[in-house]
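Coordinates in review
This is what each chain is made of:
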Amino acid sequence: MNTPNKLTVLRMILVPFFLLFLLVESIPFHGLWALLVFAAASITDAMDGHIARSRNLVTDFGKFLDPVADKVLTFSALIAFIELGCASSVAVVIMMAREFLVSSLRMVAAGNGTVIAAGKLGKLKTAVTMVSIVAVLLLLALMDFGALGASFPVGLISNILVWVSAAITVVSGAEYLWVNRAQFTASK
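Residues numbered from 1 in each chain as written. Predicted model: local features only at pLDDT ≥ 70, side-chain atom pairs only at ≥ 80, totals over all residues. Heavy atoms only, no water.

A count of helical and extended segments in the chain gives six helices and zero strands. From first element to last, N terminus to C terminus, the chain shows the α and β order α-α-α-α-α-α. On C-alpha atoms alone, the chain measures out to a radius of gyration of 18 Å, which is about the 16 Å that the 2.2 N^0.38 rule sets for 188 residues. Along the three orthogonal principal directions, the C-alpha set of the chain runs to about 60 × 35 × 20 Å. Sorting the 188 residues of the chain into buried and exposed places 39% on the buried side. Long-range contacts, defined as pairs at least 24 residues apart, comprise 77% of the intrachain contacts of the chain with a sequence gap of at least 6. On the chain, roughly 10,300 Å² of surface is accessible, and the fraction owed to carbon and sulfur atoms is 72%. Between the centroid of the 13 positive side chains of the chain and the centroid of its 10 negative side chains there is a distance of 12 Å. (Helix = DSSP H or I, 4+ residues; strand = E, 2+ residues; numbered from the N terminus. Rg over C-alpha atoms; globule rule 2.2 N^0.38 Å. Buried < 20%, exposed > 50% of the residue type's maximum accessible area, 1.4 Å probe, protein only. Contact = heavy atoms within 4.5 Å. Areas by Shrake-Rupley, 256 points an atom, 1.4 Å probe, with all protein chains shown as cover. Lys, Arg positive; Asp, Glu negative; His and termini not counted. Charge placed at Lys NZ, Arg CZ, Asp CG, Glu CD.)

What follows covers the pattern of salt bridges. Using the criterion set out here, one finds eight salt bridges in the structure. Residues Asp48 and Arg11 are paired through a salt bridge, measuring 3.0 Å at the closest nitrogen-oxygen approach. Placement of Asp48 in helix H2 (residues 30-54) and of Arg11 in helix H1 (residues 3-23) is noted, with a sequence separation of 37 residues between them. Close ionic contact of Asp70 with Arg11 constitutes a salt bridge, the shortest N to O distance being 3.0 Å. Placement of the pair is Asp70 in helix H3 (residues 60-83) and Arg11 in helix H1, with a sequence separation of 59 residues. On the accessibility criterion, Asp70 (22% relative accessible area) is partly exposed. (Salt bridge = Lys/Arg side-chain N within 4 Å of Asp/Glu carboxyl O.)

This paragraph deals with helix H4 (residues 89-111). The end-to-end C-alpha separation of H4 is 33 Å, in line with the 33 Å expected for 23 residues at 1.5 Å each. The complete set of buried residues in H4 reads Ala91, Val92, Met95, Arg98, Glu99, Val102, Leu105 and Ala109. Against H3, helix H5 (120-144) and helix H6 (154-179) lie the buried residues of H4. Of the residues that open H4, the one with a side-chain oxygen 3.1 Å from the backbone nitrogen of Val90 is Ser88. Once H4 finishes, Gly113 follows within two positions and takes phi at roughly 80°, a positive value. (Expected span 1.5 Å × (residues − 1). Polar contact = N/O pair within 3.5 Å; in protein donor to acceptor, adjacent residues only side chain to side chain.)

This part covers the packing of H1 against H3. Put simply, H1 and H3 touch, their axes get as near as 9 Å, and they point 10° apart. When the axis of H1 is compared with that of H3, the two are roughly parallel. (Axes fitted to C-alpha atoms, helices over the stretch in contact; angles between N-to-C directions. Parallel < 35°, antiparallel > 145°, perpendicular 65-115°, else oblique.)

The next point concerns the environment of Glu83. Structurally, Glu83 is set in helix H3. A sequence separation of 60 residues divides Glu83 from Leu23, and the C-alpha atoms of the two residues are 8.5 Å apart.

Moving on, we come to the confidence of the model for the chain. Averaged over every residue, the pLDDT of the chain is 91; residues scoring 70 or more account for 98%. Per-element confidence in the chain is highest for H1, whose mean pLDDT is 95, and lowest for H4, whose mean pLDDT is 91. (pLDDT = per-residue confidence, 0-100.)

The next point concerns the side chain of Thr44. Along the chain, Thr44 turns up in helix H2. From its side chain, Thr44 meets the backbone oxygen of Ala41 in a polar contact 2.5 Å long. Look past the residues within four positions of Thr44 in its chain and what remains in contact with it is Leu7, Leu10 and Arg11.

It is at 7 Å that the axes of H2 and H5 come closest, and there the two elements cross at 155°. Viewed along their axes, H2 and H5 adopt a mutual orientation that is roughly antiparallel. At the point where H2 passes H5, the crossing takes the left-handed sense. Where H2 abuts H5, its residues His30, Gly31, Leu32, Ala34, Leu35, Phe38 and Ser42 lie against Met130, Ile133, Val134, Leu137, Leu138, Leu140, Ala141 and Asp144. Classifying every residue of the contact of H2 with H5 by side-chain character gives eleven nonpolar, three polar and one charged. (Left-handed = near helix turned anticlockwise from the far one by under 90°. Nonpolar A, V, L, I, M, F, W, Y, C, P; charged D, E, K, R; others polar.)

See the structure below:
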């Protein structure tokens, strides 16, 4: 197993620790620890892709597991936010539905011998979602330290951030389906 693949596996291993710190409030400074673990996992995402491309270490295993690890990390945070009152379940379901649609379309395209790359809106969606998650985690960490008053609207702000991510998700998903609509009529 090469270094990029090890980093991807590490990202998967970090998810339960991230959730532990995020959800177990009896752990001192749990919000800060959750933020740090999420940041570390996100850094592995940037590193594994860069190393794989720059050193010609791209593997089928990496192509398979990397997007899975990304989605597991992202949706672990978003689903945990629902439990914490920091995200609407409707927004998260919308985001999950988009991922299922895009993944399904990619499978259909692959069956037709076509590889579909991520578009600019898809990359924007990913960036906005990651920034939103980090911002919510930062708010939760600040709450740990008492830096925000008890009346500070963490839930409201985090829900707005998640809904903004969901809106961009819908737009990027619609564009993705529209641009690649020929895949639905393609035949082998």
